[in-house]
Amino acid sequence: MSDKLSFEFLTRLNEKYKIFSQLINEEEFLKAEGRYHFHFSAKDNLCTIDFQSRAGSRILDGYTPPFDATAVRRLRISGGLLIGKTNMDEFGFGTFCTNSAYGVPRNPFDPDRSCGGSSGGAAATVALLDGHIALAVSTGGSISCPASFCGVIGITPTYGRVSRYGLIDYSNSLDKIGLICRSATDLRTYLPLISGPDSLDPTSCSQPILDLSSSRIKRIGIPKEAMEGISGEVEAAFRKAIEITEEQLSIKVEEVSMSSLRFALPAYYVLATSEASTNLARYCGMRFGIVKDDVNAHFNTFFSEVRSKFFGKEAKRRILLGTYCRRIGFRDRYYLKALSVRQIVKEEYLRIFQDFDLVVMPTMPFIAPRFSDIQKMKPLDMYKADFLTVPPNLVGMPHISLPCGYYHGIPIGFQLVAPHWEERRLLHFAECWESVFEYQFPEVKL
Ligand code: GLN
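Cut-offs used in this document
Residues numbered from 1 in each chain as written. Predicted model: local features only at pLDDT ≥ 70, side-chain atom pairs only at ≥ 80, totals over all residues. Heavy atoms only, no water. Helix = DSSP H or I, 4+ residues; strand = E, 2+ residues; numbered from the N terminus. Contact = heavy atoms within 4.5 Å. 1 Å grid on protein atoms, 1.4 Å probe; cavity = no way out; pocket = protein on both sides within 12 Å on 5 of 7 lines; lining within 4 Å. Points joined across faces, edges and corners; volume = space filled by probe spheres on them. Nonpolar A, V, L, I, M, F, W, Y, C, P; charged D, E, K, R; others polar. Buried < 20%, exposed > 50% of the residue type's maximum accessible area, 1.4 Å probe, protein only. Salt bridge = Lys/Arg side-chain N within 4 Å of Asp/Glu carboxyl O.

Q: Can you walk me through the environment of Leu-191 in this structure?
A: With respect to the element layout, Leu-191 can be found in helix H6 (residues 184–194). Separated by 76 residues in sequence, Leu-191 and Ala-267 place their C-alpha atoms 29 Å apart. Not counting chain neighbours up to four residues away, the residues in contact with Leu-191 comprise Ile-155, Pro-157, Leu-179, Asp-186, Leu-210 and Glu-423.

In structure tokens:
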């Protein structure tokens with residue numbers, strides 16, 4: 001049983017940090033008191049029978065699904081109490097959680113800074129609540145990024161390891177459900193609960209058993225291309241963490257070359273927006289969330305009215321980008337080329353894994369930015385911030401972000417990548433890392 005929570009505390013926490021887009025109601029909370037083993041949250045794009053599931057979007061306002069996502073169901077039957085839906089960038093489109101229709105979550109280490117995105121509410125909740133487990137989703141880094149900005153652990157399992165049934169899709173070939181938590185012990189406990197085949201998601205069906213027995217880590221590679229464009233404070237913390245890894249954990253860390261790394265980001269944005277633009281087609285004011293009664297208008301007028309009004313700016317940008325990439329005559333130039341890049345990046349990882357057990361790099365190129373600085377960023381600057389989290393996501397390899405240092409009290413993370421299905425290497429490293437590095441959590445003042 002984790003720390004005792006009170007409803008009043010949760011409400012006040014949410015008022016200050018805007019971590020939930022919807023919180024459990026008091027009656028349900030009191031009914032469950034003393035009857036659950038742990039508390040957890042689900043990102044707002046995971047379907048839940050007793051909460052709205054709006055994926056951070058106004059277009060899904062009022063949508064309460066008639067079923068639970070498999071990952072949510074599995075945690076509930078293991079004794080978990082779902083205390084809320086966490087705030088996120090609309091449909092997962094973002095890196096700073098500033099694209100949500102339901103409030104912008106605040107970083108627990110400094111409320112003037114971003115929590116990271118798109119699972120910002122999830123990471124902040126874990127930083128604020130001891131013993132909390134957050135179900136999060138990553139398409140191109142939405143677990144690693146907020147975990148690193150909020151000083152907590154974020155694991156993104158191999159593509160297909162956790163059933164995507166009940167996930168509101170962003171980009172089906174990239175979406176992965178994972179966990180954000182505070183310790184390797186939590187990972188060991190909760191990752192097996194959500195993993196494993198599920199007949200409701202065919203991509204989860206042919207997977208090797210999740211084996212979390214110990215595994216030896218002898219050599220880790222750092223792609224030298226990953227260090228280009230990293231801020232001074234992140235680089236210093238990262239180098240220090242590597243020194244600790246070598247000296248105190250007796251693991252060899254060597255530089256490797258990964259020349260395809262810089263192509264991963266453009267390939268990702270082509271594939272992700274292409275898939276997103278088709279996925280969002282279903283939100284047209286007839287079936288989910290916002291439903292308009294006046295069905296007499298011409299279908300084009302009807303759909304564009306609803307979509308213009310209820311999609312946010314970034315969602316519209318992605319629909320345009322994705323539709324452009326998929327146009328006849330452009331498909332070979334963008335979409336098919338991006339698929340080839342994906343293959344090249346995968347082969348390059350596999351080549352590195354012939355000699356190394358893991359690949360490591362900083363998670364984000366800078367510490368959690370202030371909202372005032374984010375306002376000055378252009379969309380392309382925001383996309384570029386994902387250049388380290390995108391590569392493992394593009395190829396579906398499991399990865400973990402762990403806190404590795406602090407700059408004036410603001411957390412910095414590093415990210416480790418393992419070959420497909422080798423989550424145990426990540427867990428093993430996380431356990432070793434915890435024995436030599438102490439995580440700090442923010443003081444919660446309400
Ligand atoms: N920032 C990336 C994007 O906007 C990744 C987000 C995610 O993983 N959902 O696509």
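Having put the structure on the table, let's press on.
Q: Please explain empty space enclosed by the protein as it appears in this structure.
A: Empty space among the atoms becomes apparent when a probe as large as a water molecule is rolled across them. Overall, the coordinates contain 3 cavities of 30 Å³ or more when judged by the stated rule. Of the volumes computed, that of the largest cavity is approximately 90 Å³. Lining the largest cavity we find 14 residues, and of these Gly-94, Gly-140, Ser-142, Tyr-268 and Asp-386 sit closest to its centre. Its residues placed into classes, the lining of the largest cavity shows 4 nonpolar, 8 polar and 2 charged. When its volume is computed, the second largest cavity comes out at roughly 50 Å³. Class assignment of the residues belonging to the lining of the second largest cavity gives a composition of 5 nonpolar, 5 polar and 2 charged.

Q: Explain the layout of surface pockets to me, please; I cannot follow it from the model alone.
A: Estimates place the volume of the largest pocket at around 480 Å³. Forming the walls of the largest pocket are 27 residues, and the residues nearest its centre are Thr-98, Asn-99, Lys-313, Glu-314 and Arg-317. Secondary structure elements with two or more residues in the lining of the largest pocket: helix H9 (299–310), helix H10 (313–326), helix H12 (371–375) and helix H13 (379–384). No other element matches H10, which puts 4 residues into the lining of the largest pocket. Across the lining of the largest pocket, the residue classes tally to 12 nonpolar, 7 polar and 8 charged.

Q: Any chance you could explain unusual backbone geometry here in plain terms?
A: Excluding glycine, a negative phi dihedral is what most residues carry, and trans is how most peptide bonds are arranged. The amide bond that connects Gly-117 to the next residue, Ser-118, takes the cis arrangement and shows omega of 0°. Within the secondary structure, Ser-118 is located in the loop between strand E3 (80–86) and helix H4 (120–128). Of note, the phi angle at Lys-18 is positive, near 55°, even though the residue is not glycine. Note on placement: Lys-18 falls in the loop between helix H1 (7–17) and strand E1 (20–23). Look at Lys-18 and you get partly exposed, because its relative accessible area is 37%. The phi dihedral of Cys-97 falls on the positive side, at around 60°, and the residue is not glycine. Structurally, Cys-97 is set in the loop between E3 and H4.

Q: Explanation requested: the pattern of salt bridges in the structure shown.
A: Pairs can form between side chains of opposite charge once their charged atoms are near each other. If you walk through the whole model with that rule in mind, you get 21 salt bridges. With its nearest N and O atoms 3.4 Å apart, the salt bridge here joins Asp-373 to Lys-376. The class of Asp-373 is partly exposed, set by a relative accessible area of 35%. Using a relative accessible area of 65% as the deciding quantity, one classes Lys-376 as exposed. Sharing partners across several salt bridges, the network here consists of Asp-211, Glu-422, Arg-424 and Arg-425.

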